[in-house]
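# Structural description and commentary
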Amino acid sequence: MKLLMIILMALGLSSTVLAKGDAAKGKAKSATCMACHGLKGISAQAIYPNLAGQKEAYMVKQLKDFKSGKRKDPLMSAMAKPLSDADMANVSAYYAKMK
């Protein structure tokens, strides 16, 4: 177990990425996401990706990258800026549970 933690830390994976979010809290926080990504996480417009069924850790990483500026998109960076780590985990858990 100790070796696994060392390997994960070496790969740069933080505990917040590995932590599971609260989907119920994520649903409440996702209202602004729905404008572009659809009511059920399926976008009606090709330029916006579908979020339903995406892996939770992947979505958390993308949101963190938008917030930090590592990944650049004016709209998504602005959306991610006010989100806490818990908010990101929760919203990601909500969309990850969708089919």
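Right, let's walk through the structure included here. (Residues numbered from 1 in each chain as written. Predicted model: local features only at pLDDT ≥ 70, side-chain atom pairs only at ≥ 80, totals over all residues. Heavy atoms only, no water.)

Another aspect to go through is the overall build of the chain. If you tally the helices and strands in the chain, you get 7 helices and 0 strands. Listing each helix as α and each strand as β along the chain from the N terminus yields α-α-α-α-α-α-α. The 99 residues of the chain split such that 32% are buried. The contacts of the chain with a sequence gap of at least 6 include a subset with a gap of at least 24, amounting to 64%. (Helix = DSSP H or I, 4+ residues; strand = E, 2+ residues; numbered from the N terminus. Buried < 20%, exposed > 50% of the residue type's maximum accessible area, 1.4 Å probe, protein only. Contact = heavy atoms within 4.5 Å.)

Let us look at the layout of surface pockets. There is about 660 Å³ of room inside the largest pocket. If you go around the largest pocket, you meet 28 residues; those closest to its centre are H37, L51, L63, F66 and M76. Every element with two or more residues in the lining of the largest pocket is listed here: helix 4 (34-37), helix 5 (56-68), helix 6 (74-80) and helix 7 (85-96). Ranked by residue count, the leading element in the lining of the largest pocket is helix 5, at 5 residues. Of the residues contributing to the lining of the largest pocket, the split by class is 18 nonpolar, 6 polar and 4 charged. (1 Å grid on protein atoms, 1.4 Å probe; cavity = no way out; pocket = protein on both sides within 12 Å on 5 of 7 lines; lining within 4 Å. Points joined across faces, edges and corners; volume = space filled by probe spheres on them. Nonpolar A, V, L, I, M, F, W, Y, C, P; charged D, E, K, R; others polar.)

What follows concerns helix 5. Between the first and last C-alpha of helix 5 there are 18 Å, a value that for 13 residues agrees with the 18 Å anticipated at 1.5 Å per step. Along helix 5, the residues that are buried comprise E56, M59, V60, Q62, L63, D65 and F66. Phi turns positive one or two residues past the end of helix 5, at G69, with a value near 95°. (Expected span 1.5 Å × (residues − 1).)

Let's shift gears to the nonpolar core. Grouped together as the largest cluster of nonpolar side chains are 10 residues: A23, C33, L51, A52, M59, V91, A93, Y94, Y95 and M98. Once residues within four sequence positions are removed from consideration, C33 is found in contact with G38, V91 and Y95. If you look at the next biggest cluster of nonpolar residues, it comprises 5 residues, including L63, A80, L83 and M88. (Core = buried A, V, L, I, M, F, W, Y, C linked by side-chain atoms within 4.5 Å.)

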